[in-house]
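Here is how the chains run, residue by residue.
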Amino acid sequence: MKQLLFFALAFFLIGSSASAQFDLNAPVPMEPEIRTGVLDNGLTYYIRHNQEPKERASFYIIQNVGAILEDDSQDGLAHFLEHMAFNGTKHFPGKGVISSLERHGVAFGRNINAYTAQDETVYNISNVPVGPEGLLDTCLLVLHDWSNYLLLEEEEIDSERGVISEEWRTRRDAGFRTRNQTMPALLNNSKYGERDVIGELDVIKGFEYDELRRFYHDWYRTDLQAIAVVGDFDAAEMEQKVIELFSKIPAVDNPKERYEVKVEPKAETTFKLATDKENTQSSVSMYVRHQAEDAGDKNHNTLKTNYKRNLIRMMIGTRINELLQKGNPPFINGYVSFSDYPRTVSLMSIASTAKENEEALAFEAILTEVERVKRFGFAEGELERAKAQMLMGYENYYKQRDKINHDSYCKELANLYLENEPMPGIEYEFKFAQAIIPSITTEELKAYFNSMYTKENRVVIVTGPEKEGISHLNQDEAFAIIEKVENNASITAYVDEVVSSSLVEELPVEGKVVSERALPEFDAVEWTLNNNTKVVYRYANYNKNQVALSSYSKGGSSLYEVADLPSASMASDFVPAFGIGDYDAISLQKALTGKKANVEFNISGLSEYISGSSRTEDFEIMMQLAYLHFEQPRFDEEAFNALMARYKAYVANMGDDPKKIMRDSISQIRSNYHERNLIFGPEYLEKVSFNRMEEIYKERFNNAADFTFFIVGDVEEETAKAMAAKYLGAISSNDTKENWRDNNVNGPEGLTKKTIPVKLAEPKATVQIIYNSELDYTPENRIAMSFISAVLRLRYTESIREKEGGTYGVGVSASTTHYPEAEGSVMIQFDCDPERANDLIPLVYAEIDKMIKTGASTEDLDKTRLNILKSRAEGKEQNGYWMGNIRSYYVNGINMTLAENYEEIVENMSAKDIKKLAKKFFKKADKIEVVFVPQED
């Protein structure tokens, strides 16, 4: 004990000494790599050189303008204006912005996008190739036009009304409607509670053109704008380009005040009940409002406050997890967190997801944990573990600092500009974290917690299903629970139990490598261990200090009868809650304090596998966890029953969720109502057996020789070899080799056409069209299917979204599978006005027919080709590229890293190739067309 006290005292003294290096009341310096300035017209710019990904650059324009600035007659027009930025500018009329960039593989949606919020609007052009001559200048010109030169032509405005009306329709789900009911109460009936960004449909459809132009000219102006450009370029040269181009934009004369909306305080507690027919979960939450820190006052203390918030969140989260592991948990889930939302408000959130008709129990339980912290604070042991985890996170981030991507920097710069969030750079913040985090005391955290958990500005919000038989907490009951908990003298301090950190005490055998084989095509090596396990290793340090583990074994749930499928499929959800070896889930978390290593498993339809990740220094811990998953899995019936109670409560009202109804309907139709295609819900959970789950798990993970393991990452070969031999070689094995079983779960043949009525609160049709056909699993077919889906996406965006204004977007996905049969699939989905579904569906088939007849246009092919190659080049700079391709080679027998199996196919893909495969695939494919429509009362 004396020794522990000595080390704790030393830790404190080191932290105290280090923290003295920083003046907490001083402003935080900006990262020195950033070149910044303010032009004479008021526009701010930020330029930074960065090399992740290499030979790419990202461009952002950050507008300190959002829905909060709208007049009532402009409700929704901040968001509408965002859309119009892609519909004609001075130098890029019509769809010129998108078409100009897509010619270089910069795809709309993936690389070109924007978002509008209540306080800001941010546009981005991401991961632009720096090589093509003039392309970076084009991106700057786009930002220049977005700043001040939108055309806002009447024809384009009218065309976009339909798109945004359909976006409005798509967003109108239970969560959105519930939010609209609760926000006025949460934000004390301020303007923040009124503006939901998407706006009102009557405004979207009927506003006068000049209302949009007025909002644009009032608010899109240089003194409310910042340009952020980050990438693999000469920063000094880029800075001069930005200064020269953007200085030409005139400042606005007599600009309107960019006001901020304050949420007024309210001493008494407010209550709001919000129900919805499509809501499936009950929740009870308490929010405590505070005025957010003024942007100009942010300093080193701001960073320290963020540390304190995260430490509190982590420790309370661990306590709540302990509650959920035992007996009959009082709620499905719960949390305590802190956030600054909206900009002028600092919120403490106390939330619980309740079981049906048990909202009072959930609310009392979560408040009891909050009261426990208020009275007694935190234990030294749990704080030290939380600190260790937080410091480890900063250390990992620091070691990965060369892999911080352009967009991450741009988003940080947006927060710097909009809210003056400190951005000192990872080197500086890592040193600051090392100095400050160890010095934070339990007394400080208790004091901060109690400063946030005040009796003023409280809001209690209850949400849940609007359904017969479900009763909800009312105001009197909620307030009575608050008073009861605050006066409960029996609440005691949290008891922190210390656990050992040794995962594996002794191994039954000494594992070793008995043979090895070079894999030059992957620059990898394959080891065979003493127990006939195969291990494939490749060194990769694209992501420094990271190591990944994966494995593969044939069999999966295909080997089990229908009655066992629920127990097999739910094992990956339940077994992790039991812990591993001698540790339950909570003690395992404690034992792994300061370590970054995890291993998980899955039993899929045709295989079973474990996968994991770790820091380089924790590689051995990951291998120990892998060993324990085979040799010492833990099965805890109390934890099983606790989690099952939560699951049953979670699914109780899922039958009222229209999205689930649609997913389940499509799933059943696609399997032709096969008996093995079970629907997740209450009846499904009743078939999950604890004993059978244990038996199936041990059957799937009882023979290391039936597995191939893959290790890819920043770990030296000798270390990987020694640890693989030691732990994977110690796993028991036998001579059994399994294979998956084809249970002939096939879709319907020919044409299947259905119209399915669904109860909907908002009228909407959802169209799903699916093609399935035999298709050889070859690199050529796989890549051609990617072209088909990408080209169709482009065509539908133009025809159904832009020309017709019929939907917010058409989703197109194509996939190829190798086992149990080589097949291809194309799925097309969109939401629309129910009155328009029958008019829009023929447009889907028209584009497919056109593809069968002519293939694809040169323009669409080139856009797709460049985007695929661009994504491929970016992917090669990640460790996961090698893990995925090596694993796929062992499963499918195709080396997709070879240029002849990828780049050469992509570069040579022609309209003739697309036409040939489209004709072969679509002509013989079985087709499913399902339209979900509102059910008439």
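Because the structure is a prediction, the values reported are computed rather than measured.

Participant: Lay out the overall build of the protein chain in plain terms, naming residues and giving numbers.
Facilitator: Each helix and strand in the protein chain was counted, giving 31 helices and 23 strands. The globule rule puts the C-alpha radius of gyration for 937 residues at 30 Å, and the 29 Å found for the protein chain is close to it. Principal axes of the C-alpha set define a box for the protein chain whose edges measure 80 × 70 × 65 Å. Looking at the protein chain as a whole, 56% of its 937 residues are labelled buried. The contacts of the protein chain with a sequence gap of at least 6 include a subset with a gap of at least 24, amounting to 84%. For the protein chain, the accessible surface area stands at approximately 39600 Å², while carbon and sulfur atoms represent 47% of it. Side chains of the protein chain carry 106 positive and 148 negative charges; the gap between the two charge centres is 2 Å.

Participant: How would you sum up a negative patch on the surface? Please name residues and give values.
Facilitator: On the surface, a cluster of negative charge is contributed by Glu774, Asp776, Glu821 and Glu823. Mapped onto the secondary structure, Glu823 falls in strand E22 (residues 823-832). Residue classification places Glu823 among the partly exposed residues on the basis of a relative accessible area of 32%.

Participant: Can you lay out helix H22 (residues 658-670) for me, pointing to particular residues and giving the numbers?
Facilitator: Helix length check: H22, at 13 residues, gives a terminal C-alpha distance of 18 Å against a target of 18 Å (1.5 Å per residue), a fit within 8%. Every buried residue of H22 is accounted for by Pro658, Lys660, Met662, Asp664, Ser665, Ile666, Gln668 and Ile669. Packed against the buried residues of H22 are strand E19 (751-758), strand E20 (765-774), E22 and strand E23 (926-934).

Participant: With reference to specific residues and values, describe the pattern of salt bridges.
Facilitator: With the rule as written, the count across this model stands at 74 salt bridges. Put simply, Glu395 and Lys399 hold a salt bridge, and the shortest N to O gap is 3.2 Å. Here Glu395 pairs with Lys399, and both are found in helix H12 (residues 380-399), just four residues apart, close to one helical turn. Since its relative accessible area comes to 26%, Glu395 is described here as partly exposed. Taken together, the salt bridges that share partners define one network made up of Lys95, Glu156, Glu160, Arg801 and Glu802.

Participant: Give me the sheet that holds strand E10 (residues 345-354): which residues, what numbers.
Facilitator: Sheet strands line up and pair through hydrogen bonds in the backbone, either parallel or antiparallel. Spatial strand order, E7-E11-E8-E10-E9: five strands in an open sheet with mixed pairing. Each edge of the open sheet is held by one strand with a lone partner, namely strand E7 (270-276) and strand E9 (333-339). Each strand of the sheet is rotated relative to its neighbour by a mean of 15°, with strand direction disregarded. Looking at chain direction, E7 and strand E11 (residues 458-465) are connected through seven bridges and run parallel. By the bridge assignment, Thr275 is partnered in E11 with Gly464. Contacting strand E8 (282-291), E9, E10 and E11, helix H11 (residues 359-376) crosses the sheet at an angle of about 130° to E10. Running at roughly 90° to E9, helix H15 (residues 442-452) makes contact with E8, E9 and E10 of the sheet.

Participant: How would you explain the side chain of Glu166 if you had to name every residue and give the values?
Facilitator: Within the secondary structure, Glu166 is located in helix H5 (residues 154-171). Glu166 has contacts with Gly805, Gly806, Thr807, Tyr808, Asp831, Cys832 and Asp833, leaving out every residue within four places of it along the chain.

Participant: Break down the confidence of the model for the protein chain for me, with residues and values.
Facilitator: For the protein chain, per-residue confidence averages 96 on the pLDDT scale, and residues scoring 70 or more make up 98% of the total. Every residue in residues 1-17 is under pLDDT 50, and counting partners more than four places away or in other chains gives eight contacts.

Participant: Please set out the sheet that holds E20 residue by residue, giving values where relevant.
Facilitator: Taking strand neighbours across the sheet as the criterion, the five strands line up as E19-E23-E20-E22-E21 in an open arrangement whose pairing is mixed. In this open sheet, the two strands that pair with only one neighbour each are E19 and strand E21 (811-817). Each strand of the sheet is rotated relative to its neighbour by a mean of 15°, with strand direction disregarded. Across eight bridges, the pairing between E19 and E23 is parallel. By the bridge assignment for E23, Thr752 is matched with Ile928. Together, E19, E20, E22 and E23 form the strand contacts of H22, whose direction differs from that of E23 by roughly 155°.

Participant: For the nonpolar core, give the residues involved together with the corresponding values.
Facilitator: Ranked by size, the top nonpolar core spans 72 residues in total, and within it Phe59, Ile125, Trp146 and Phe246 carry the most contacts. A per-element tally of this core places helix H4 (residues 135-148) first, with seven residues. Contact partners of Trp146, with chain neighbours within four places excluded, come to Ile61, Gln63, Ala85, Phe86, Thr89, Val97, Tyr123, Ile125, Tyr216 and Tyr220. Val504, Ile580, Phe619 and Tyr647 belong to the second largest nonpolar core, which has 65 residues in total.

Participant: So what about the environment of Glu194? Which residues, and what values?
Facilitator: Along the chain, Glu194 turns up in the loop between helix H6 (174-186) and helix H7 (201-206). Taking relative accessible area as the criterion, Glu194 reaches 48% and is therefore assigned partly exposed. Glu194 sits 127 residues away from Ala67 along the chain, and the two C-alpha atoms are 9.7 Å apart.

Participant: Now, about the pairing of E21: what can you tell me, with residues and values included?
Facilitator: Where E21 and E22 come together, seven bridges link them in antiparallel fashion. Residue pairing in the sheet places Gly811 in a bridge with Gln829 of E22. The antiparallel pairing of E21 with E22 creates a hairpin that spans five residues between the two strands.

Participant: Give a detailed account of the packing of aromatic side chains, specifying residues and quantitative values.
Facilitator: All chains considered together, the criterion is met by 40 aromatic pairs. Residues Phe86 and Trp146 carry aromatic rings whose centres are separated by 5.3 Å and whose planes lie at 70° to one another, so their mutual orientation is edge-to-face. Within this pair, whereas Phe86 is found in the loop between helix H2 (77-84) and helix H3 (96-102), its partner Trp146 is found in helix H4, the two being separated by 60 residues in sequence. When the ring centre of Phe207 is taken as origin, the NZ or CZ atom of Arg161, which lies over that ring, is 4.3 Å away. Here the guanidinium or amino end of Arg872 rests over the ring plane of Tyr902, the centre of that ring lying 3.8 Å away.

Participant: Describe unusual backbone geometry, listing the residues and the values that go with them.
Facilitator: For the bond from Glu52 to Pro53, the omega torsion is -5°, close enough to zero to count as cis. Secondary-structure assignment places Pro53 in the loop between strand E2 (44-49) and strand E3 (56-63). In this chain, Tyr341 is followed by Pro342 through a cis amide linkage whose omega measures -10°. One can find Pro342 in the loop between E9 and E10. In this structure, Asn189 is a non-glycine residue whose phi angle is positive, near 55°. Examined against the element boundaries, Asn189 turns out to sit in the loop between H6 and H7. Here Asn189 falls in the exposed class, since its relative accessible area comes to 59%. Even without glycine at this site, Asp523 takes up a positive phi of about 50°. By the element assignment, Asp523 lies in the loop between strand E12 (513-519) and strand E13 (524-529). Judged by its relative accessible area of 56%, Asp523 falls in the exposed class.

Participant: Describe a positive patch on the surface, with residues and values.
Facilitator: A cluster of basic residues, Lys853, Lys912, Lys915, Lys916, Lys919, Lys920, Lys923 and Lys924, forms a positive patch on the protein surface. No other element matches the seven residues that helix H31 (residues 911-924) contributes to the positive patch. If you trace the backbone, Lys916 turns up in helix H31.

Participant: Could you give an account of the packing of H4 against helix H9 (residues 235-246), naming the residues involved and the relevant values?
Facilitator: The N-to-C vectors of H4 and H9 enclose an angle of 35°; their axes lie 11 Å apart at closest approach. For the element pair H4 and H9, the recorded crossing hand is right-handed. Here Leu136, Asp137, Leu140, Leu141, Leu143 and His144 of H4 lie close against H9, whose contacting residues are Met238, Lys241, Val242, Leu245 and Phe246. Residue composition of the contact of H4 with H9, by class: eight nonpolar, one polar and two charged.

Participant: Explain the pairing of strand E14 (residues 534-539) residue by residue, including any values.
Facilitator: Where E13 meets E14, four bridges bridge the pair, whose relative direction is antiparallel. The partner of Thr528 across the bridge, within E14, is Lys534. Remark: four residues form the turn of the hairpin made by E13 and E14, two consecutive strands paired antiparallel; Asn532 in that turn has positive phi of roughly 70°. One ladder, built from six bridges, connects E14 with strand E18 (residues 708-713); its direction is parallel. Considered in E18, the bridge of Lys534 is made with Thr708.

The rules behind these values
Residues numbered from 1 in each chain as written. Predicted model: local features only at pLDDT ≥ 70, side-chain atom pairs only at ≥ 80, totals over all residues. Heavy atoms only, no water. Helix = DSSP H or I, 4+ residues; strand = E, 2+ residues; numbered from the N terminus. Rg over C-alpha atoms; globule rule 2.2 N^0.38 Å. Buried < 20%, exposed > 50% of the residue type's maximum accessible area, 1.4 Å probe, protein only. Contact = heavy atoms within 4.5 Å. Areas by Shrake-Rupley, 256 points an atom, 1.4 Å probe, with all protein chains shown as cover. Lys, Arg positive; Asp, Glu negative; His and termini not counted. Charge placed at Lys NZ, Arg CZ, Asp CG, Glu CD. Patch = residues over 30% accessible without salt bridge, like charges linked within 9 Å, V, L, I, M, F, W, Y side chains within 5 Å. Salt bridge = Lys/Arg side-chain N within 4 Å of Asp/Glu carboxyl O. Expected span 1.5 Å × (residues − 1). Pairing = 2+ DSSP bridges. Axes fitted to C-alpha atoms, helices over the stretch in contact; angles between N-to-C directions. pLDDT = per-residue confidence, 0-100. Core = buried A, V, L, I, M, F, W, Y, C linked by side-chain atoms within 4.5 Å. Phe/Tyr/Trp six-rings, centres within 6.5 Å; stacked < 30°, edge-to-face > 60°. Lys NZ or Arg CZ within 6 Å of the ring centre and 35° of its normal. Left-handed = near helix turned anticlockwise from the far one by under 90°. Nonpolar A, V, L, I, M, F, W, Y, C, P; charged D, E, K, R; others polar.

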